[in-house]
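Structural overview for review
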Amino acid sequence: MSNTEHQIIMNNTMLEKEEETTVPLSESKGGDRRDDNLRRKDSLDYFDAMEVLYYDDMLQQNEESTATDSPSTSSSEEEDTFAKEGSGNDENEEQNIVHEIKGRVHHNRKKLHKMASEKRKILERKIKERRRKLKQIMSEPGFVMTMDKISFVCGVLIIMVIEAVLLVSPEKMGVLYSTLLIPLMVVRYILYRADMYHYFMYDFCYYAQVLLLVHMYKYPNNIELGKALFSISNGPLASAIIMWRNSLVFHSMDKMTSMFIHILPPLVMFSRRWGDHLANKDFPFYEDMDGTISSNIKDFMWVPLCYYGVWQIGYLVKTEVISKNKLEYNTGIMTSLRWMTRKRSSTSYKLLSIFGEHNQLPTFVLIQAVYTLATFLIMPLLWHSFWLHAFYLGVIFIVSLANGATYYFHVFAKRYIEEIGKRVSEEKTETKTSAKA
């Protein structure tokens, strides 16, 4: 018998002795020890867990010693003596004890896994309950109205500040942007995390915010990076206001945050590109192209497309490799692809399923890449024309205003009228009831 098995048997014997010594104490207190022994068949106590850990430790030590020790050609005199003194019956008894310990350890290990699974379910239920209570508090009318009022005031004030900075000191636009971005992202993460929307923050627009911060504070004089960010900010980010129907709804913090993260980077790059012209009041319709056509294609299309490719690879690694099991286990976590395919009757679902439902992911990646590249096509024109660039941003801003007006008059106003009608009907009912009384 090996030293490992001998140690396991000795350890098991010590545990049994400890159990035997505790029996009189338990019986003297009322005989509960017998009931405890019965309950122990279906439970797992400290000694069972320690036995599992000790057994695993012995197996590991045995494997290590087997791997490091070289096979010996002859046995020592002590082993020969021990083998001669031993009997066949003793060896069979010891093997039975070892098998019994192995079986009990295997059974207890299953109990450990079951207990861990039950603890995890309990923790998940507690987290869901806390989220439910938090959502209930945040959905109360008083809380919602207060937050809407605060958001409305802050949204209007920020628009006024942005206008003042662009007119008076455009070079400070980057400072204003970074000052607003950090608290907005913190609040967004907290709210999105509670609603399980936080995987939206792995999208390309948030990656572009990081690139812009790196450009402003780490490599402000890198012309190539500046032109790439000019294309990224004014291309896919600004166009997303139209594609995703971002709107200026001042009382909604979520909608205003989405609007700001898409419109502020283009404004920052506008002020950095035309800051000197704004200071000198020189507004050229079109400047001579600096460099050749191939160099402009490289600066405004190829280089930003490479930055986009880096993000796309990282995004797929995150969602399809690192967090794949997590996303499959928790289907409530929302991603861009899940959002666009949540309704089978929607246009986005039909578009992404054009090559089959099983190819929705590659179709989504392909369409997004084509859309991004298409938005880069006019970037050289915007870089060389102040008025064209200003007109382009003005159109996007007007579209966001139109989206906000649509929301207020078709969605918000309808809800408001329904609420007023409900209150009027309730008052009429109360009046009739009091009159009858």
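For the structure, check the block above.
All of the points below concern the structure found in this document. (Residues numbered from 1 in each chain as written. Predicted model: local features only at pLDDT ≥ 70, side-chain atom pairs only at ≥ 80, totals over all residues. Heavy atoms only, no water.)

Notes on the overall build of the protein chain
The criterion, for reference: A helix here means a DSSP run of H or I that spans at least four residues, while a strand means a run of E at least two residues long, and both kinds are numbered starting from the N terminus. Burial classes follow relative accessibility: with a 1.4 Å probe on protein chains only, a residue under 20% of its type's maximum area counts as buried, one over 50% as exposed, and anything between as partly exposed. Residues are treated as being in contact if the distance between any of their heavy atoms lies within 4.5 Å. Under the convention used here, a 1.4 Å probe and the Shrake-Rupley method define accessible areas, while residue burial counts only the protein chains that appear.
In terms of helices and strands, the protein chain carries 17 helices and 0 strands. When burial is assessed residue by residue, the protein chain has 33% of its 437 residues classed as buried. Sequence-distant contacts, at least 24 apart, represent 74% of the contacts inside the protein chain between residues at least 6 apart. Total accessible area on the protein chain is roughly 28400 Å²; 62% of this is exposed by carbon and sulfur atoms.

Some remarks on the packing of aromatic side chains
The line we're drawing: Any two rings among Phe, Tyr and Trp, with Trp reduced to its six-membered ring, count as a pair given centres within 6.5 Å; such a pair is stacked if its planes are under 30 degrees apart, edge-to-face if over 60, and tilted if neither. Comment: the charge-over-ring label is applied if NZ (Lys) or CZ (Arg) is within 6 Å of the ring centre and within 35 degrees of the ring normal.
Summed over the entire model, instances satisfying the criterion amount to 21 aromatic pairs. Judged by centre distance (6.1 Å) and plane angle (80 degrees), the rings of F283 and W387 are edge-to-face. Here F283, found in the loop between α10 (253-280) and α11 (293-322), pairs with W387, found in helix α17 (residues 386-436); they are 104 residues apart in sequence, far enough to count as distant. By relative accessible area, which is 34% here, F283 ends up partly exposed. Classification of W387 by relative accessible area gives partly exposed; the value is 45%. Just above the ring of Y329 sits the side chain of R120; from NZ or CZ to the centre is 5.2 Å.

Points about the pattern of salt bridges
Where charged atoms of side chains with opposite charge meet at close range, the side chains can pair. Heads up, the condition is: By definition here, a salt bridge exists when the distance from a side-chain nitrogen of Lys or Arg to a carboxyl oxygen of Asp or Glu is within 4 Å.
Per the stated rule, a full pass over the model turns up 7 salt bridges. For K298, the salt bridge goes to E224, with nearest N and O atoms at 2.8 Å. You can see K298 sitting in helix α11 and its partner E224 sitting in helix α9 (residues 223-243), a full 74 residues away along the chain. For K298, a relative accessible area of 38% gives the class partly exposed. Here E224 falls in the partly exposed class, since its relative accessible area comes to 38%. Between E357 and R344 there is a salt bridge, with its nearest N and O atoms 2.7 Å apart. Taken together, the residues E357 in the loop between α14 (347-352) and α15 (360-375) and R344 in the loop between α13 (336-340) and α14 connect sequence positions 13 residues apart. Exposure remark for E357: the relative accessible area of 43% places this residue in the partly exposed category. We classify R344 as exposed; its relative accessible area is 58%. One network of salt bridges, in which partners are shared, links E224, K227, K298 and D299.

Quick word on the nonpolar core
Under the convention used in this document: We call a set of buried residues a nonpolar core when its members are Ala, Val, Leu, Ile, Met, Phe, Trp, Tyr or Cys and they connect through side-chain atoms within 4.5 Å of each other.
If you look at the biggest cluster of nonpolar residues, it comprises 54 residues, and the most contacted ones within it are I162, M173, F260, I263 and L264. Contributions of two or more residues to this core are made by α6 (141-168), α7 (173-195), α8 (204-217), α9, α10, α11, α16 (379-384) and α17.

Notes on a positive patch on the surface
To be explicit about the condition: Like charges are joined within 9 Å and nonpolar side chains (Val, Leu, Ile, Met, Phe, Trp, Tyr) within 5 Å, but only among residues with over 30% relative accessible area and no salt bridge; these make up the patches. When charges are tallied, Lys and Arg are placed among the positive residues and Asp and Glu among the negative ones, while His and the ends of the chain are skipped. In plain terms, the charge of a residue is placed at NZ if it is Lys, CZ if Arg, CG if Asp and CD if Glu.
Taken together, the side chains of K119, K126, R130 and K133 define a basic patch exposed on the protein surface. Among the secondary structure elements, K126 is positioned in helix α5 (residues 88-138).

Describing α9
For the record, the criterion: By this rule, a helix spans an expected 1.5 Å times one less than how many residues it contains. Polar contact is defined as a pair of N or O atoms within 3.5 Å, subject to the rule that within protein one atom must be able to donate a hydrogen and the other to accept it, and that residues adjacent in sequence are counted only when both atoms are side-chain atoms.
With 21 residues, α9 extends 29 Å from end C-alpha to end C-alpha; this agrees with the ideal 30 Å at 1.5 Å per step. Most of α9 sits inside the fold, with 17 of its 21 residues counted as buried. Its side-chain oxygen at 3.2 Å from the backbone nitrogen of E224, N222 defines the N-terminal cap of α9. Looking one or two places after α9, you find R245, whose phi comes out positive at around 55 degrees.

Brief notes about the packing of α6 against α10
This is how it is decided: What counts as an axis is a line fitted to C-alpha atoms, over the stretch in contact for a helix, and the angles between N-to-C directions run from 0 to 180 degrees. Put simply, angles under 35 degrees are roughly parallel, angles over 145 are roughly antiparallel, angles from 65 to 115 are roughly perpendicular, and the rest are oblique. Amino acids outside the nonpolar list (Ala, Val, Leu, Ile, Met, Phe, Trp, Tyr, Cys, Pro) and the charged list (Asp, Glu, Lys, Arg) are all regarded as polar, and Gly is one of them.
Viewed as axis vectors pointing N to C, α6 and α10 meet at an angle of 10 degrees, and their least axial separation amounts to 11 Å. Relative to α10, the element α6 lies roughly parallel. For the pair formed by α6 and α10, the contact residues are M147, S151, G155, I158, I159, I162 and L166 on the first element and M253, M256, F260, L264, L267, S271 and L278 on the second. Residue composition of the contact of α6 with α10, by class: 11 nonpolar, 3 polar and no charged.

Description of the packing of α9 against α11
Across the interface, α9 lies against α11 with an axial gap of 8 Å and an inter-helix angle of 80 degrees. Accordingly, the angle class assigned to the pair α9 and α11 is roughly perpendicular. Here E224, L225, K227, A228, F230, S231 and I232 of α9 lie close against α11, whose contacting residues are K298, D299, F300, V303, P304 and Y307. Among the residues making up the contact of α9 with α11, the classes are represented as 8 nonpolar, 1 polar and 4 charged.

Overview of α8
Between its terminal C-alpha atoms α8 stretches 20 Å, which fits the 20 Å expected from 14 residues at 1.5 Å a residue. In this structure, the buried side of α8 is in contact with α7, α9, α10 and α11.

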